[in-house]
Amino acid sequence: MRLFYQHRNVPHRICQLLPRRLLCSNLQLRALSYTACLHGKVPVKEAKVRKRRAKFTLDELSKGYGGGLEQGLISPDEPPQPLPPIEDVPKRYPTVIAQALDNITRLPNCVLFTRVGGFYELYFSHAEQWASRLGLKLAVKKTTAGNVPMAGFPFWNLERFLKVLVVEEGQYVAICEEYPAGNMETADPGEAQVKAEGGLLWDRRIARIVTPGTLIDETWIEEGENHFLLAVEQRGEEYGLAWADLGTGEVWCSQCQAIELAAELARIGPREVVVPEGGEEEAAVKRVEQAAAYVVTTHKGDFSPVKATGKIQKWAQVIADDQDVDRKALKELKKLEFTAALRLLDYVESRLPGIQVKLQTPVPRKSHEVMGIDVNSMRGLEIKTTLRDGSSKGSLLHTINRTVTRGGKRLLGNWLTNPSTDVATIEARLDLVETFLTDESLREDIVALLKTTHDSQRIVQKFSLGRGDADDLVALARTIEATNSILQRLGNTQQRRFDVIIARLEVPLDLAETILKSIDEEGLRRQQHEVADVAANMGEPASPDEIRESGDVIDGLVGEVLEAGAGEKRERKRRISRGIQNAIAKGIATTEPDGEETWIMKKTASPFLREAHARLQALREAKGHLEVHLRNKLNAQSLTLKWSPNLGHFCHVKGKDVSIHGVTSVQSSKSTRSFLHPEWTKLGENMVSMRLRIRAEEKVVFQNILKKVFKNIGQLRRNARVLDELDVAAGFALLAREQGLTRPKVNRKVKHKIIGGRHITVEAGLREQGKIFTGNDCFIGDKELLWLVTGPNMAGKSTFLRQNVLISILAQTGSFVPAEHVEIGIVDKIFSRIGSADNLYNSQSTFMVEMLETAHILRSATPRSFVIMDEIGRGTSSRDGLAIAYATLTHLIEVNKSRTLFATHFHELADMVEMEKKVACYCTDVSEDLDGMGWSYVHKLRKGVNKESHALKVARLAGVPPEVLVAAERVLKERKEIEEEQYGFSVEDDDEYTDGEGFFDAVFA
């Protein structure tokens, strides 16, 4: 029986050794001619001419070809030997997926985005968990090691998905970028060997880990908001704090007691808090009520205090290039502060491995230099956000903000949460506001110039981090020009109040001139529009950052996209690739070397650029001459010289010229034909070469400009601070003009004298409704240390309390205030107990929360503090609540000796403190019509006590069902009768009830 075997069924090692031609009778093998040829068994020439099958017999096999078996074959006479076992080769994922799996394992708390060509991809559990949330299609990638869940999106959507994960979901995102294999050093010898053998075209490494506290220049960062990253260190009852905004490079440090930690966290408002792993700090920051506003991250590392020299050297590595390390400031830092700063720095470097971190010298913030605002006051007074929905609209910051720059808004928020306690600083700010208020023309001119500036703090920081571009340079130059104009305008006023500001401004006009003489602004705008057209043709909007990256990668994107993926994924990427090609074909100048280029730098930016552009122009003219020459030579008048990514430099004809002879077509249709011509190919290559040389020189010019920026970076930052202060002062002046505010008088006394004070936020809301706010006076701290305020519900007691605290905050911020006349002694701390809600997560009832807040105030308030207490003791029984309210009141005036406003519905308190000279009683009221059918609130405070809460009137306004109101009136009448029968009088009877001590004895007998 004759058996025939195809070459694929013969063991490979035998096929390699068998001669080409052997006769056989029992077994026929058909082998490919190239098998023996490749292994040198048959001459190449002979192998090429053999076309028929090679045959040999087993009998003749022992004789071999040429007299015997070749080495490696087995003789039939020898006993068969078992073949060695086949070793199982472990199944491995493709390199990209293997690297991604390794990164996922190494960074278990991060969502991993892996760059693959023009896409970012998610794999394994990350794809399964987040694909639907991000609106991505979950696919499966087949590999030899098994199916891998995956999802992906084009690179220009990165910011969009970062915002969803980081801001909305509070996740950490690790971005794994790809780099050409030859441009990156590797510490892995095995990986290096694979690269040397050509196994990897791209290296991938984690370039950045994006967290809520490490945002830099993302387009979705809220305008005028700080994104603070805070590090916390603990030693006993003391905490060291260090916080930074990576977008501006500013760093601050402070130290506080454990009882003050919540207030400091509320004041700073961090987006992320870094604590030591396994320490008590994590539990402490999570116990804070507003902990939901930030994420807590643990970070390993030993940051025990080191010598002063070591401290300075550590920070010297990250200070901006031209900045000297402020040794004095560093030495002033306490050990806990500097330990926190070191942890902060180490964490930042671990999250930005692909970026050289640059920060400013840490600035110590001393608690006695700013007014302390506890966490309850920050929330209850709605300084930055509202209690209702946590939004900024309706808050104090939103109400008074009249700034026109992002930096000005950031500074205003900082001042509001950190009012100064230095009289000289406050008076200097008020002087500036008054100047702008009295000189309307000056204010309008300064504001108009400020509107032309850009956020130079963030721009300079971007350059420090190596992320700035030509657009940022132009924005910086325009800001420098505006700063110079502001300097000249202030100098023309001849007012001494501006002398300090003028002295602080030092304008590097030569830098602005260099930038504007070098950068082609029109070319930048054209480039942005062109790349935006690419995204439009692909159905995707382009952000400014995406436009910049598109310009850098669009040349290589087509090829990269086609190389990645498999199956449906490959087809999808091919469609996107064709979209890019179509956009390029429509005239993208940055990728079409045949058209008019879009340049970043002007042709006169350097001598080389001037010469190179002249040569390029000569080549363009040569192209025109060549086009005419080839038309005449080939007798094809429709001939044009073109270029495309697929065909390169080619000649294009149409119509009757498609029948041209003597050329080799590379593309043709019924009416068009494309072919190559050596003269155009050579000329086109020369043009491409010249364009590349121009691009390289543009980078050189750009780097030279950056060096000048770094030399002036310190002064640019100082100028930015001055502009921010001018913006805030001009905004305060506009606010004062709009709302009729008054300049406060600030001194070192411990008393308040406010005449006609108003609540600025409530007044703004009433004004929109066409209503008028009723102002009230407040005199505390002199003869009377505490005001006890009573009155009906909804009559304005809480508003009165809040407005006086807000007036104090505005005054020490440096703003005019809503009142007719104000004299305020410096307040060191603000405390408020306004409303409560339970904290069931920490097993705290509403009354427990109320008592915790009260305890904090009684332990912390000083004679220079300002305290407002609203409805103490209302969360428990009347008997217990009244006792607690009385004890709290007496403690405040006798022990704390703080300026206090105390609102209550315990009317009995007025009689209990009647003989206390440091307490004055004031009240609001209700005005009823003569027929008793109509009534209205009287918000004007009068001296005395109002023992009617008029709760049923409020219930009627709220729409409580009539039958409920009738039942409530019946119960209220019955209770009055019982009180009269038991005590001989009604507690609501002002005429009969006058003796506080007698009532106290009766109630608590």
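A short tour of the structure in this document, coming up. Counting restarts for each chain: residues are numbered from 1 in the order of the written sequence. Reporting in this predicted model follows two pLDDT cut-offs: at least 70 for local features of residues, and 80 or more for side-chain atom pairs to be given and counted; totals over whole chains, interfaces and linings ignore these cut-offs and use all residues. The basis for the side-chain values is all heavy atoms of the structure; hydrogens and waters are excluded.

**Remarks on the sheet that holds strand S18 (residues 665–668)**
Here is the rule we go by: Between any two strands, at least two bridges found by DSSP are needed for them to pair. Only runs of H or I of at least four residues qualify as helices and only runs of E of at least two qualify as strands under DSSP, and these elements are numbered from the N terminus. As a rule, the C-alpha atoms of each element are fitted with a line to give its axis, helices using only the stretch in contact, and angles between N-to-C directions run from 0 to 180 degrees. When checking whether two residues touch, look at their non-hydrogen atoms; a contact exists if any pair is within 4.5 Å.
Taken in spatial order, the four strands of this open sheet run S16-S17-S19-S18, and their pairing is antiparallel. Every interior strand has two partners, whereas the edge strands, strand S16 (640–644) and S18, have only one. Going across the sheet, the axis of each strand differs from the next one's by a mean of 35°, ignoring polarity. Taken together, the five bridges between S16 and strand S17 (residues 648–654) define a ladder with antiparallel strand orientation. Opposite Ser644, over in S17, you have Gly648 as the bridge partner. Sitting on the sheet, helix H26 (residues 607–634) is in contact with S16, S17 and strand S19 (672–675), with an inclination near 120° to S16. Contacting S16 and S17, helix H27 (residues 678–711) runs over the sheet at an angle of about 130° to S17.

**Section: the pairing of strand S12 (residues 272–276)**
Residues in a regular strand point their side chains to alternate faces of the sheet. Inclusion rule: Partly exposed residues are those whose accessible area sits between 20% and 50% of the maximum for their type, while under 20% is buried and over 50% is exposed, using a 1.4 Å probe and protein chains only.
Most of S12 sits out of view: five of its five residues are buried. The alternating pattern of S12 places Glu272, Val274 and Pro276 on one face and Val273 and Val275 on the opposite face, and all of these are buried. Two strands pair when backbone bridges link them, and strand S9 (residues 228–235) and S12 are joined in this way by three bridges, in the parallel orientation. The partner of Ala231 across the bridge, within S12, is Val274.

**A short note on helix H32 (residues 878–896)**
Selection criterion: In this analysis, the expected span of each helix is defined as 1.5 Å times one less than the number of residues it contains.
Taking 1.5 Å per residue as the helical rise, H32 with its 19 residues ought to reach 27 Å, and the 25 Å between its terminal C-alpha atoms agrees with that figure. Those residues of H32 that fall on the buried side of the exposure criterion are Gly881, Leu882, Ala885, Thr888, Leu889, Thr890, Leu892, Ile893 and Asn896. Contact partners of the buried residues in H32: strand S23 (786–790), helix H31 (846–860), strand S26 (866–870), strand S27 (899–903), helix H33 (908–912) and strand S28 (919–928). Within two residues after H32, Lys897 carries a phi angle of roughly 55°, on the positive side.

**Details of the packing of helix H20 (residues 470–492) against helix H28 (residues 713–739)**
Note the cut-off: Oblique is the label for any angle not under 35 degrees, not over 145, and not in the 65 to 115 range, which are roughly parallel, roughly antiparallel and roughly perpendicular in turn. Here a crossing is called left-handed whenever its near helix is offset anticlockwise from the far helix by less than a right angle, and right-handed whenever the offset is clockwise. In this classification, the charged set is Asp, Glu, Lys and Arg, the nonpolar set is Ala, Val, Leu, Ile, Met, Phe, Trp, Tyr, Cys and Pro, and all remaining amino acids, among them Gly, are polar.
At their nearest, the axes of H20 and H28 sit 11 Å apart, and the two run at 60° to each other. Compared by their axis directions, H20 and H28 come out oblique. Pair H20 / H28 crosses with left-handed handedness. Residues Leu476, Thr479, Ile480, Thr483, Ile486 and Leu490 of H20 form the contact with H28, whose participating residues are Leu716, Asn719, Leu723 and Leu726. By residue class, the composition of the contact of H20 with H28 is seven nonpolar, three polar and no charged.

**Some remarks on the pattern of salt bridges**
Defined as follows: Salt bridges are defined as contacts in which a side-chain nitrogen from Lys or Arg sits within 4 Å of a carboxyl oxygen from Asp or Glu.
For the structure on display, the rule yields 41 salt bridges. Glu784 serves as the salt-bridge partner of Lys943, at 3.8 Å between the closest nitrogen and oxygen. With Lys943 in strand S29 (residues 935–943) and Glu784 in the loop between strand S22 (776–780) and S23, the pair connects residues that are 159 residues apart, well separated along the chain. A single network of salt bridges, built from pairs that share partners, joins Glu427, Asp431, Glu434, Arg497 and Arg743.

**Comments concerning unusual backbone geometry**
Negative phi values dominate among residues other than glycine, just as trans dominates among peptide bonds. Look at Asn635: it is not a glycine, yet its phi comes out positive at around 55°. Within the secondary structure, Asn635 sits in the loop between H26 and S16. Asn635 sits in the exposed class, given a relative accessible area of 62%. Positioned with a positive phi, Lys897 is a non-glycine residue whose angle comes to about 55°. Checked against the element boundaries, Lys897 lands in the loop between H32 and S27.

**Re the packing of aromatic side chains**
As a reminder, the rule being used: By convention, a stacked pair of Phe, Tyr or Trp rings (six-membered ring in the case of Trp) has centres within 6.5 Å and planes under 30 degrees apart, an edge-to-face pair has planes over 60 apart, and any other such pair is tilted. Only when the NZ atom of a Lys or the CZ atom of an Arg is both within 6 Å of the ring centre and within 35 degrees of the ring normal do we say a charge sits over the ring.
In the structure shown here, the tally under the stated rule is ten aromatic pairs. With 5.2 Å between their ring centres and 75° between their planes, Phe113 and Phe153 make a pair best called edge-to-face. One end of the pair, Phe113, is in strand S3 (residues 110–116); the other, Phe153, is in strand S6 (residues 146–154), and 40 residues separate them in sequence. Neither Phe113 nor Phe153 differs from the other in exposure class; each is buried. Here the aromatic rings of Phe155 and Trp156 are separated by 5.0 Å at their centres, their planes lie at 70°, and the arrangement is edge-to-face. The buried category is assigned to Phe155, whose relative accessible area is 3%. Residue Trp156 is classed as buried on the basis of its relative accessible area, which comes to 7%. Chaining the aromatic ring pairs together yields one cluster made of Phe113, Tyr120, Phe153 and Phe161. Sitting over the face of the ring of Tyr179, Arg205 holds its NZ or CZ atom 4.0 Å from the ring centroid. The side chain of Arg429 reaches across the aromatic face of Trp415, ending 3.7 Å from its centre.

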